[in-house]
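Next come the chains, spelled out residue by residue.
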Amino acid sequence: MLHSFQLNGYNIIMDVNSGAVHVVDEMVYDMVQLLDASFLANSFDSNTSEKLEKEYPASVFAPLEARYDRAALEEAYGEIYEMYENGQLFTSDDYEQFADMMVSAPIKAMCLNVAHDCNLRCSYCFAAQGDFGGGRKLMTAEVGKKAIDYLLKYSANRHNLEMDFFGGEPLMAFDVVKEVVEYARSKEKEYNKNFRFTITTNGLLLTDDKIDFINKEMHNVVLSIDGRKEVNDRMRFHVDGSGCYDQIMPKFQKLVKARGDGQYYVRGTFTKFNKDFAEDVLHFYEKGFDQISIEPVVTDPKLPYALTEEDLPEVFAEYERLAKIIIEKRKNGEFFNFFHFMIDLDQGPCAIKRLRGCGCGNEYVSVTPEGDVYPCHQFVGKPEWIMGSVHDQSLNTEIKDSFAKTTVYTKPECKNCWAKFYCSGGCNANNLEYAGSIKKPYKVACELEKKRLECAIMIKAALAD
Ligand code: SF4
Ligand code: SF4
Ligand code: SF4
């Protein structure tokens with residue numbers, strides 16, 4: 001299976017199964033399109049290595065002979081044939097066999113919802129303004145410690161374990177965060193584990209003490225803010241409706257400055273109201289942040305700020321604009337990471353992660369203040385998805401196994417999608433919420449994902465020039 005596209009003056013051909021990316025001239029590009037069309041017309045599917053003949057297939061290329069010199073065409077065909085012989089073009093799909101062998105894995109990551117409460121009331125909050133629709137409550141330290149025991153119990157021989165303190169707003173339960181961290185550290189030696197903590201915060205309650213603790217104990221920090229003041233304050237506001245930008249921006253700057261080389265990222269959401277979100281990325285950069293994530297809002301398409309199919313052309317154009325800005329900055333020696341343009345093309349598809357994606361419900365679970373275990377934070381509030389409890393340390397292996405076996409090959413639309421090894425089948429929670437099934441991709445999210453991938457590949461091509 002191939003994916004060919006032209007962007008920013010580059011002709012790019014991706015061989016999906018091998019992960020090889022080729023930047024080619026127009027003649028080779030046109031030629032590969034004709035070959036691909038001819039294979040498709042002859043009903044080769046993605047599981048079949050498409051057979052290329054060594055001899056120049058004049059009948060297939062007849063349309064090109066009006067535009068290009070025959071000798072040049074034959075030479076170009078020689079290049080194409082070489083890529084094919086090297087296993088970089090028209091390769092077969094060898095990954096489906098791994099998908100059939102997918103088994104349940106140890107749990108290695110947990111999202112600990114220490115607060116089902118929040119001091120903001122963001123319009124787009126997936127957590128129903130912090131309480132997940134189940135009433136405002138904070139986790140006790142006792143439940144938090146039982147969650148650590150749960151992770152120790154189900155992580156088998158995994159050495160590195162991840163825990164994300166999440167909410168709502170986790171700083172509202174900061175004493176619990178501290179106790180849980182202390183408890184986990186006290187168990188590391190006995191169980192031969194290394195806990196890597198992350199905290200995701202809206203920043204309002206940050207103080208110098210909390211910054212010190214976070215920078216000492218947290219392996220990663222996610223700082224929620226949407227970008228420019230007017231953009232942020234339109235969607236992220238206090239209970240009284242006033243915006244939060246002026247309070248949080250200096251705190252985030254302080255935290256990041258004190259953090260040195262430690263991992264962090266500022267994480268924003270863009271909506272229909274700021275389709276010029278590249279400006280928000282640049283705003284972050286100007287404010288001193290170099291690890292930047294801004295994601296499209298995924299919400300009920302009827303809401304006024306929702307991104308819908310009609311917004312796609314504008315959003316695509318903005319991704320392209322941002323990609324060009326990033327190329328220009330890198331060429332001028334400036335650097336920031338935009339997370340959604342990060343792609344690893346060098347290692348080729350690595351089977352399990354690429355087929356299964358985020359690992360929710362299998363390697364990753366979420367725990368609520370009550371101690372219920374869910375496949376991930378975005379399933380919280382849907383009781384039919386409860387898969388265990390930290391109180392009796394129970395785990396529903398049926399649900400876990402079904403997530404373990406959910407791969408791009410069990411999602412019919414993903415199976416034939418060129419982006420499958422990078423997207424890994426999208427977000428299961430969003431699929432369920434907005435397309436009605438974990439196995440049915442949410443179209444708007446798919447189109448955005450594919451555009452980001454194209455931009456990411458093009459950036460690599462441009463920077464390799
Ligand atoms: S800060 Fe997060 S949890 Fe709180 S209302 Fe905003 S999006 Fe929801
Ligand atoms: S979720 Fe969408 S973009 Fe991702 S692999 Fe499936 S069809 Fe492709
Ligand atoms: S299902 Fe979606 S929200 Fe949940 S962990 Fe996976 S990617 Fe994240």
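Above this note sits the structure.
Attention in this report is confined to the structure presented alongside it. Source: prediction; values computed, not measured.

### Brief notes about the nonpolar core
Core analysis: the largest hydrophobic core is formed by 127 residues, its most contacted members being Leu112, Phe165, Met218, Phe338, Phe341 and Phe379. The greatest single-element share of this core, amounting to ten residues, is contributed by helix H17 (residues 443–464). Non-local contacts of Phe341, meaning those with residues more than four positions away in its chain, are made with Tyr319, Leu322, Ala323, Ile326, Arg452, Cys455, Ala456 and Ile459. In this structure, Val24, Tyr68, Met83 and Leu89 belong to the second largest nonpolar core, which totals 24 residues.

### Regarding the site of ligand 2
Around ligand 2, the surrounding shell consists of Glu413, Cys414, Cys417, Lys420, Cys423, Gly425, Gly426, Pro441 and Cys446. If you list the elements that add at least two residues to the shell around ligand 2, you get helix H14 (412–415) and helix H15 (420–423). Here the shell around ligand 2 is composed, by residue class, of five nonpolar, two polar and two charged.

### Digging into helix H6 (residues 174–191)
Given a rise of 1.5 Å per residue, 18 residues ought to cover 26 Å, and the 25 Å separating the end C-alpha atoms of H6 matches this to within 8%. At its buried positions, H6 is contacted by strand E4 (109–113), helix H5 (141–154), strand E7 (160–166), strand E8 (194–201), helix H7 (208–217) and strand E9 (218–224). At the C-terminal side of H6, Asn192 shows a positive phi close to 55°.

### Description of the side chain of Asn337
Mapped onto the fold, Asn337 is located in strand E12 (residues 337–338). Of note is the side chain of Asn337, whose polar atom sits 3.1 Å from the side chain of Gln291. If near-sequence neighbours (up to four positions away) are discounted, Asn337 is found in contact with Asp290, Gln291, Ile292, Arg330 and Met342.

The rules behind each value
Residues numbered from 1 in each chain as written. Chains lettered and ligands numbered in written order. Predicted model: local features only at pLDDT ≥ 70, side-chain atom pairs only at ≥ 80, totals over all residues. Heavy atoms only, no water. Core = buried A, V, L, I, M, F, W, Y, C linked by side-chain atoms within 4.5 Å. Buried < 20%, exposed > 50% of the residue type's maximum accessible area, 1.4 Å probe, protein only. Helix = DSSP H or I, 4+ residues; strand = E, 2+ residues; numbered from the N terminus. Contact = heavy atoms within 4.5 Å. Near = heavy atom within 4 Å. Nonpolar A, V, L, I, M, F, W, Y, C, P; charged D, E, K, R; others polar. Expected span 1.5 Å × (residues − 1). Polar contact = N/O pair within 3.5 Å; in protein donor to acceptor, adjacent residues only side chain to side chain.

By themselves, these are just geometric observations and shouldn't be taken as functional.
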